[in-house]
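Spelled out, the chains give:
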Amino acid sequence: MSSPSSTSLSTKRKKATTTQSSKSICGICFDSVRVSKIFTNTSCNHPFCTNCISKYVKLQRKDKAVKLYCPDPQCSLKLKPQHLQSILPKELIVEWESAIYESSISLKQKIYCPYKNCSLMMVNDGVEVVTSCECPSCHRLFCAQCKVPWHADMSCRRFQKSTKGQHEKQLDEKFMELAKRKKWQKCPKCSMHVQRNGGCEHIACRCGCNFCYKCGKDWIHGHICKYSR
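Our subject in this report is the structure included herewith. Computed from a predicted structure; not experimentally measured. (Residues numbered from 1 in each chain as written. Predicted model: local features only at pLDDT ≥ 70, side-chain atom pairs only at ≥ 80, totals over all residues. Heavy atoms only, no water.)

What about the packing of aromatic side chains?
Operational definition: Centre distance within 6.5 Å is the pairing criterion for rings of Phe, Tyr and Trp, where only the six-membered ring of Trp is used; planes under 30 degrees apart are then read as stacked, over 60 as edge-to-face, and the remainder as tilted. Relative accessibility under 20% of the residue-type maximum defines a buried residue, over 50% an exposed one, and the middle range a partly exposed one, all with a 1.4 Å probe and only protein chains included. Counted as over-ring charges are cases with an Arg CZ or a Lys NZ within 6 Å of the ring centre that also lie within 35 degrees of the ring normal.
Throughout the structure, instances matching the rule amount to one aromatic pair. Each ring, one from F175 and one from W184, has its centre 5.9 Å from the other, and the planes form 50°; the classification is tilted. By relative accessible area, which is 37% here, F175 ends up partly exposed. The ring of Y115 has R140 sitting right over it, with the charged end atom 4.1 Å from the ring centre.

Structure follows, in structure tokens:
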């Protein structure tokens with residue numbers, strides 16, 4: 001027959017054992033956490049507290065990661081949005097699922113609304129050639145071939161040709177501004193700009209012309225540059 005004191009001690013031990021067994025160690029912060037606050041992927045069962053796993057997913061999505069894996073360094077199993085529906089905010093789950101769907105579509109099939117305050121992604125199934133298209137979100141017309149707002153007054157070929165010319169002109173203007181700012185000299189024979197990175201003023205161009213880098217004149221034996229006087 002046991003005494004009241006021994007019965008009380010046994011009960012305390014049982015309670016302590018039960019309390020200890022209802023906790024688990026988080027694989028990220030290594031704190032002892034109640035099982036009710038622990039998340040485990042059903043495929044690998046590595047335990048993480050809900051706070052840590054939530055922060056982990058948020059940081060991964062902030063870095064635009066689509067494929068998320070179990071945080072355990074020895075594990076390569078994927079985490080999926082449905083695994084964390086009860087933990088993460090609904091907005092994050094929806095955004096993550098959208099990113100997964102978008103990553104499964106080939107680049108050639110993706111079409112984005114060209115208007116900056118919209119940028120909705122659409123999918124071109126390739127059944128027919130699409131030109132004029134209405135965005136289902138902002139309801140504005142755009143050209144799916146040129147990926148710009150709708151150019152009703154000209155064909156795609158004409159539009160692309162005109163924009164190509166404008167782009168090349170802008171590049172030429174930027175280059176000339178750079179050449180002027182850096183004081184690059186131009187070969188008097190082939191008109192190519194040359195940048196000197198050292199040495200004397202005598203430049204031998206790849207076209208065979210010899211000229212002075214300071215004044216741009218042909219280099220003749222005994223040449224004395226007027227800018228060196």
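A few points about the sheet that holds strand β10 (residues 141-143)
Our working definition: Here, any two strands with at least 2 DSSP bridges between them count as paired. Only runs of H or I of at least four residues qualify as helices and only runs of E of at least two qualify as strands under DSSP, and these elements are numbered from the N terminus.
In spatial order, the strands read β9-β10-β11; together these three strands make up an open sheet with antiparallel pairing. If you trace the sheet from one side to the other, it starts and ends with β9 (132-134) and β11 (148-149), each paired once. Strand direction decides the pairing type here: β10 and β11, joined by two bridges, are antiparallel. Paired with F142 across the two strands is P149, which belongs to β11.

A closer look at the packing of helix α2 (residues 50-62) against helix α3 (residues 90-103)
Short version of the rule: Lines fitted to C-alpha atoms define the axes here, with helix axes fitted over just the stretch in contact, and angles between the N-to-C directions of these axes take values from 0 to 180 degrees. By the definition adopted for this analysis, an angle is roughly parallel if under 35 degrees, roughly antiparallel if over 145, roughly perpendicular if from 65 to 115, and oblique otherwise. Crossing handedness is read from the near helix: turned anticlockwise from the far helix by less than a right angle, it gives a left-handed crossing, and turned clockwise, a right-handed one. Between two residues, a contact is recorded if the distance between any of their heavy atoms is within 4.5 Å.
For the pair α2 and α3, the least separation of the axes is 12 Å and the interaxial angle reads 45°. Relative to α3, the element α2 is oriented oblique. In this structure, the crossing between α2 and α3 has a hand that is left-handed. Contact residues: α2 offers V57, K58 and R61, while α3 offers L92, E95, W96 and A99.

Considerations on α3
Basically, it comes down to this: Expected helix span is computed as 1.5 Å times (number of residues minus one). Directions pointing from the helix axis toward each C-beta atom define the arc.
For α3, built from 14 residues, the straight-helix expectation of 20 Å at 1.5 Å per residue is met to within 8% by its first-to-last C-alpha distance of 20 Å. Within the sequence span of α3, burial applies to L92, I93, W96 and A99. Projected down its long axis, α3 carries its buried residues within an arc of 125°, all on one side. Among the exposed residues of α3, those oriented more than 90 degrees off its buried face are K90 and E91.

Description of α2
The terminal C-alpha atoms of α2 lie 18 Å apart, and with 13 residues this matches the ideal 18 Å at 1.5 Å per residue to within 8%. Along α2, the positions that sit buried rather than exposed are C52, I53, S54, Y56, V57 and R61. On its buried face, α2 is in contact with β3 (38-40), β4 (47-49), β5 (68-69), β6 (78-79) and α3. Positive backbone phi, approximately 70°, marks K64, located one or two places after α2.

Describing the side chain of H151
Along the chain, H151 falls in the loop between β11 and α4 (156-182). For H151, a relative accessible area of 5% translates into the label buried. Excluding residues within four positions of it along the chain, H151 makes contact with C143, C146, C156 and F159.

Quick word on the nonpolar core
Here is the rule: Nonpolar cores were defined as sets of buried Ala, Val, Leu, Ile, Met, Phe, Trp, Tyr and Cys residues, with membership established by side-chain atoms within 4.5 Å.
One finds I53, V57, L79, L84, L88 and W96 to be the most contacted residues of the largest nonpolar core, which totals 21 residues. Mapped by element, the contributors of at least two residues to this core are β3, β4, α2 and α3. For this core, the element with the highest residue contribution is α2, accounting for four residues. Ignoring sequence-local partners within four residues, the contact set of L88 consists of S54, V57, I93 and W96. Residues C187, V194, C205 and Y213 belong to the second largest nonpolar core, which totals nine residues.

Nothing here speaks to function; it is all geometry.
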